[in-house]
Amino acid sequence: MSTTSTRVNLAIPLDAAILIEKECDKRGIKSPQFIKESIFEKLRKLESKEEQNELTIMKEEIKEIKKLNLIILDLLTKK
């Protein structure tokens, strides 16, 4: 089984590098693995936020459709 990866060189501030090293020591993993996990988690959160935004938009559109249907129903029953 071969895994594919893309190599990326990062230039990060010293304080961030220290925090990464401390977290890696706590978890017992190497920094590339920590960075991969962090990026994956960040992307997953972004997808989740986009889905929430889409749901909110859909809810608002459904509310507007309901209002229009009620107005139409009211107009039809008054005739």
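Everything that follows concerns the structure shown earlier in this document.
Note that the structure is a prediction, hence the values are computed from the model and not measured.

K.L.:
Talk me through the overall build of the protein chain; I want residue IDs and the actual numbers.
P.N.:
Of regular secondary structure, the protein chain possesses two helices and zero strands. Relative to the compact-globule value of 12 Å for 79 residues, the protein chain shows a C-alpha radius of gyration of 25 Å, a clear excess of over 25%. When the backbone C-alpha atoms are referred to their principal axes, the protein chain occupies close to 75 × 35 × 25 Å. Residues classed as buried in the protein chain amount to 4% of the 79 residues present.

K.L.:
Pulling in residues and values, what's your account of helix H1 (residues 14–27)?
P.N.:
For H1, with 14 residues, the first-to-last C-alpha span of 20 Å sits near the 20 Å given by 1.5 Å per residue. One or two steps after H1, the chain reaches Gly 28, where phi turns positive at roughly 75°.

K.L.:
So, the pattern of salt bridges: which residues are in play, and what are the values?
P.N.:
When the charged atoms of two side chains with opposite charge come close together, those side chains can pair. Taken as a whole, this structure holds six salt bridges when the rule is applied. Residue Glu 23 is joined to Lys 26 by a salt bridge in which the shortest nitrogen-to-oxygen separation is 3.8 Å. Of this pair, Glu 23 and Lys 26 both sit in helix H1, three residues apart, roughly one helical turn. Judged by relative accessible area, Glu 23 falls into the partly exposed class, the value being 24%. Among the ionic pairs, Lys 63 bridges to Glu 60, the shortest N-O distance being 3.9 Å.

K.L.:
Which residues make up a nonpolar patch on the surface, and what values do they have?
P.N.:
A cluster of nonpolar side chains, Val 8, Leu 10 and Ile 12, forms an exposed patch at the surface whose accessible area comes to about 280 Å². If you trace the backbone, Ile 12 turns up in the segment before H1.

K.L.:
Explain the environment of Ala 17 to me, and be specific about the residues and the numbers.
P.N.:
Locating Ala 17 in the fold gives a position in helix H1. Each C-alpha atom of the pair Ala 17 and Lys 63 lies 48 Å from the other, and the pair is 46 residues apart in sequence.

Quick notes on the rules
Residues numbered from 1 in each chain as written. Predicted model: local features only at pLDDT ≥ 70, side-chain atom pairs only at ≥ 80, totals over all residues. Heavy atoms only, no water. Helix = DSSP H or I, 4+ residues; strand = E, 2+ residues; numbered from the N terminus. Rg over C-alpha atoms; globule rule 2.2 N^0.38 Å. Buried < 20%, exposed > 50% of the residue type's maximum accessible area, 1.4 Å probe, protein only. Expected span 1.5 Å × (residues − 1). Salt bridge = Lys/Arg side-chain N within 4 Å of Asp/Glu carboxyl O. Patch = residues over 30% accessible without salt bridge, like charges linked within 9 Å, V, L, I, M, F, W, Y side chains within 5 Å. Areas by Shrake-Rupley, 256 points an atom, 1.4 Å probe, with all protein chains shown as cover.

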